[in-house]
Each structure stands twice: as C-alpha cells, then as structure tokens.
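# Residue-level structural notes
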Amino acid sequence: MKYSMRKAVASDVEAMDKVMQVISEKSTNLERMASLIEKLRQDPQKYLLAAFDPETGILCGSLLGVVFEDICDNGRPILLIENVAVLEAYQGKGVGRQMFAEIERWGREMDCHYEILVSGLERAGAHKFYHALGFIEAKGFKKYL
C-alpha cells in the first residue's frame, strides 16, 4: 500500500500524540505540541513528516528530519532523523520504509551529504529495521542540558 506523506500541521496534534506514545512513556501537553508542530512547519530546515493510511485517513507514522550545517569537508549539510514512530498496527506494512524514502528525498533536495539517525538503545526491533535500511550502529555521546 502507498501511504500518503506530508508535513504535519497543528490540527494533527491528537493523532500525532498517539503515534509519539509508541516511543514515549506518556502523553504530551497537546497545546505545547500543537505550537511546536507549527513552529517546525515554518522552519525550512525541519520536516516533521506525517504518514497517513489513504484508506482510513489514520495518521500512522511520523519522524522528524532536521538539516544542519557542517563546516567539515565540502561544507554540505547533514540530515538528522529523530522521533521515528509507527503505530503498532502498521508496523511491518511498509510505512517506515516509505517515511525514510520521503525524508531521504527531502534530504537530497536540501543537498545533505549524509544522514544521522538517533534511536533509543532499548528499541532492538527498530534497530533491526534501521540496519535493513543501511544504517550502521555507532556509539555516541549524549548530555542532557
């Protein structure tokens, strides 16, 4: 099935919250989320992707792509991918692959020369999927501010 993809809008907030609960332990403040969705939508270097089941209209998956500058090598930007989530009922049905194809299309359009994927260590099933997409697991550093 071909899922439809577009930038999320503030009115997607309740459905987006359900999708984010796949990777988060609790619901979020919907008013704050709606504000953040609109802020992301206005930023040309950010793409909060929403995937929809064309038959039901259900928002079934999402991810966030962020383009940031790189001063190394040829100075081309890097694509960071974060908050990848697909509703459990849609996992294994091609939603994730199509979301990555769309965000990578956008990354090439933004002239990114590579992508970095951020994922929690406990998401072993997701990591198998990411490996199948060609991502290589690496250790990194993280510090909360």
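Our structure is the block above this text.
Sequence order sets the numbering: in each chain, residues are counted from 1 along the sequence as written. Only residues with pLDDT of at least 70 get local features here, since the model is predicted, and only at 80 or more are side-chain atom pairs given and counted; chain-wide, interface and lining totals rely on the full set of residues. Only hydrogens and water are removed before side-chain values are computed, so all heavy atoms of the structure are retained for them.

### Description of the pattern of salt bridges
Take a side-chain nitrogen of Lys or Arg and a carboxyl oxygen of Asp or Glu: if they are within 4 Å of each other, that pair is a salt bridge. Here the structure, examined in full by the defined rule, presents 5 salt bridges. Arg 76 serves as the salt-bridge partner of Asp 111, at 3.2 Å between the closest nitrogen and oxygen. Of the two residues, Asp 111 is situated in the loop between helix 3 (95–109) and strand 5 (114–117) and Arg 76 in the loop between strand 3 (59–68) and strand 4 (78–86); the sequence distance between them amounts to 35 residues. Strands are runs of DSSP state E lasting at least two residues, helices are runs of H or I lasting at least four, and both sets are numbered from the N terminus onward.

### Examining the side chain of Glu 102
Tracing the backbone through its elements, the reader meets Glu 102 in helix 3. Burial status follows relative accessibility: with a 1.4 Å probe on protein chains alone, a residue under 20% of its type maximum counts as buried, one over 50% as exposed, and anything between as partly exposed. Under the relative-accessibility criterion, Glu 102 is labelled buried at 16%. Contacts: residue pairs with any heavy atoms within 4.5 Å of one another. Apart from residues lying up to four places away in sequence, Glu 102 is in contact with Met 5, Tyr 47 and Leu 49.

### Notes on helix 2 (residues 30–42)
To estimate how far a helix should reach, multiply one less than its number of residues by 1.5 Å. Taking 1.5 Å as the rise per residue, helix 2 with 13 residues should run 18 Å; its terminal C-alpha atoms sit 18 Å apart, in good agreement. Taken together, the buried positions of helix 2 are Met 33, Ala 34, Ile 37 and Leu 40. The arc that holds every buried residue of helix 2, seen down its axis, measures 125 degrees, which confines them to one face. Residues of helix 2 that are exposed and angled more than 90 degrees away from the buried face: Glu 31, Arg 32, Lys 39 and Gln 42. The inward-facing, buried residues of helix 2 abut helix 1 (13–20), strand 2 (46–52) and strand 3. Directions pointing from the helix axis toward each C-beta atom define the arc.

### Here's the deal with helix 3
For helix 3, with 15 residues, the first-to-last C-alpha span of 21 Å sits near the 21 Å given by 1.5 Å per residue. Every buried residue of helix 3 is accounted for by Val 95, Gly 96, Met 99, Phe 100, Glu 102, Ile 103, Trp 106 and Gly 107. Buried residues of helix 3, seen end-on, are gathered within an arc of 160 degrees and therefore sit on one face of the element. Away from its buried face, by an angle of more than 90 degrees, helix 3 presents the exposed residues Arg 108 and Glu 109.

### Let's talk about unusual backbone geometry
What is expected of a backbone is that most residues other than glycine have negative phi and most peptide bonds are trans. With a phi close to 55 degrees, Asn 83 is a non-glycine residue in the positive phi region. For Asn 83, a relative accessible area of 30% gives the class partly exposed. Positive phi values are uncommon outside glycine, yet Asp 111 reaches one of about 70 degrees.

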